[in-house]
Amino acid sequence: MSAYQEYFDESHQLVRDSVRRFVEREILPYIAEWEEAEEFPRELYLKAGAAGILGIGYPEQFGGSHEGDLFAKVAASEELMRSGSGGLVAGLGSLDIGLPPVIKWGRNELRERVVPQVLSGEKIMALAVTEPSGGSDVANLRTRAVREGDFYRVSGSKTFITSGVRADYYTVAVRTGGEGFGGVSLLLVEKGTPGFTVGRKLKKMGWWASDTAELFFDDCRVPVENLIGMENMGFACIMANFQSERLALAIMANMTAQLALDESLNWAREREAFGKPIGRFQVLRHRLAEMATQLEVSREFTYRQAAKMAAGKSVIREISMAKNFATDIADRLTYDAVQMLGGMGYMRESLVERLYRDNRILSIGGGTREIMNEIIAKQMNL
């Protein structure tokens, strides 16, 4: 990472080394088995919590470390992706989209009760925004929460929720007011709350190792003190949360592309055809050179936006660009990697086969490619 000393210092390298050892010890020996089983052990959350991985970027008072150090989080995220399983990273990291609203806007009592348990891995956190009626149209979500005394009565449903099956806490977007973005709030809903049920575990093209579920709320009574932030101000909280999620997805896309490139390079050096390694054929040498160039540009642009975010600058337009660019590059590199490996690239035993499948969700989750372009266009006053 010497080319990126502008972004990463010695403390970040320590984080990187620690997480890499964790991945090598606790994940890589078992990941193929977990992928086929379409889940990983809940115990891994406890192990990641004990290793301090879940707490990176969060306040020390709740058991975290490196609070406010965005590049410590980036380094950890990149190393987790070396597991080769986007589903595992998404599942283990679902706290990173569910927990920030609680920390930033939740009541002290709520934070003190929930956050330490999640950072230790004892409890699992999920974010529940997407609905069957429309994933990207957050301002018009339909799950309704009506206040009755000291409770909200919640009715509606959510879908495509990462860690939806096994989560203990859910940050849920609900409608407490009128139509549009001005009527949206966030509530913390706990598993076991009467009227709240978890539906079937959804079968997916990729991200097999993560559980993804439907959620149902049937007159579910949620205490008023579980309101996150002010009533009817949830949309702004969700949008702020999306910026970090989009950065995380760009990083995931870049690492997916990196792994695809690494596998392609190894194959080009070892595989022989017509009496020589295939990497010595100009058409493949040039393809690999182009893959490396595209990835380098994407990674540098993503890091630059992360640096701006860390400095407190607004990057609404740029982070949308970074997500789209990174996922486009990951599309190309995973496609090229499968093509380069030929028949082996199509086999389930091949890492690039999994990367190809897992990659497809990255331009959909956290706001689709089309929504990103709408955001960019609006920021250009179009």
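Remember, predicted model here, so these are calculated numbers, not experimental data.

Some details on the overall build of the protein
Thinking step 1. A tally of helices and strands in the protein yields 13 helices and 10 strands.
Thinking step 2. Against the globule reference of 21 Å for 382 residues, the protein gives a C-alpha radius of gyration of 21 Å, in line with a compact fold.
Thinking step 3. Considering only C-alpha atoms, the protein reaches an extent of 80 × 50 × 40 Å along its principal axes.
Thinking step 4. Expressed as a percentage of the 382 residues in the protein, the buried residues total 53%.
Thinking step 5. For the protein, restricting intrachain contacts to residue pairs at least 6 apart in sequence, the fraction spanning at least 24 positions comes to 75%.
Thinking step 6. A total of about 17,300 Å² of accessible surface is found on the protein, and carbon and sulfur atoms cover 52% of it.
Thinking step 7. Averaging the locations of the 46 positively and 51 negatively charged side chains of the protein gives two centres separated by 3 Å.

Looking at the domain arrangement of the protein
Thinking step 1. Segmenting the protein into domains produces domain 1 (10–123), domain 2 (126–232) and domain 3 (235–380).
Thinking step 2. A straight line from the C-alpha centre of domain 1 to that of domain 2 covers 23 Å.
Thinking step 3. On the domain 2 side, the residues contacting the 30 residues of domain 1 number 23 residues.
Thinking step 4. Of the roughly 2,300 Å² buried between domain 1 and domain 2, counting both surfaces, carbon and sulfur atoms make up 54%.

Observations concerning the side chain of threonine 171
Thinking step 1. With respect to the helices and strands, threonine 171 occurs in strand β4 (residues 169–175).
Thinking step 2. Threonine 171 gets classed as buried once you look at its relative accessible area, which sits at 0%.
Thinking step 3. A polar atom in the side chain of threonine 171 sits 2.7 Å from the backbone oxygen of glycine 98.
Thinking step 4. In contact with threonine 171, other than residues within four places in its own chain, are Gly98, Pro101, Val102, Met125, Ala126, Leu127, Ala128, Leu186, Leu187, Leu188 and Ile228.

Scoring rules and cut-offs
- Residues numbered from 1 in each chain as written.
- Predicted model: local features only at pLDDT ≥ 70, side-chain atom pairs only at ≥ 80, totals over all residues.
- Heavy atoms only, no water.
- Helix = DSSP H or I, 4+ residues; strand = E, 2+ residues; numbered from the N terminus.
- Rg over C-alpha atoms; globule rule 2.2 N^0.38 Å.
- Buried < 20%, exposed > 50% of the residue type's maximum accessible area, 1.4 Å probe, protein only.
- Contact = heavy atoms within 4.5 Å.
- Areas by Shrake-Rupley, 256 points an atom, 1.4 Å probe, with all protein chains shown as cover.
- Lys, Arg positive; Asp, Glu negative; His and termini not counted.
- Charge placed at Lys NZ, Arg CZ, Asp CG, Glu CD.
- Domains from an automatic or database assignment.
- Buried area = accessible area lost by both parts, 1.4 Å probe.
- Polar contact = N/O pair within 3.5 Å; in protein donor to acceptor, adjacent residues only side chain to side chain.

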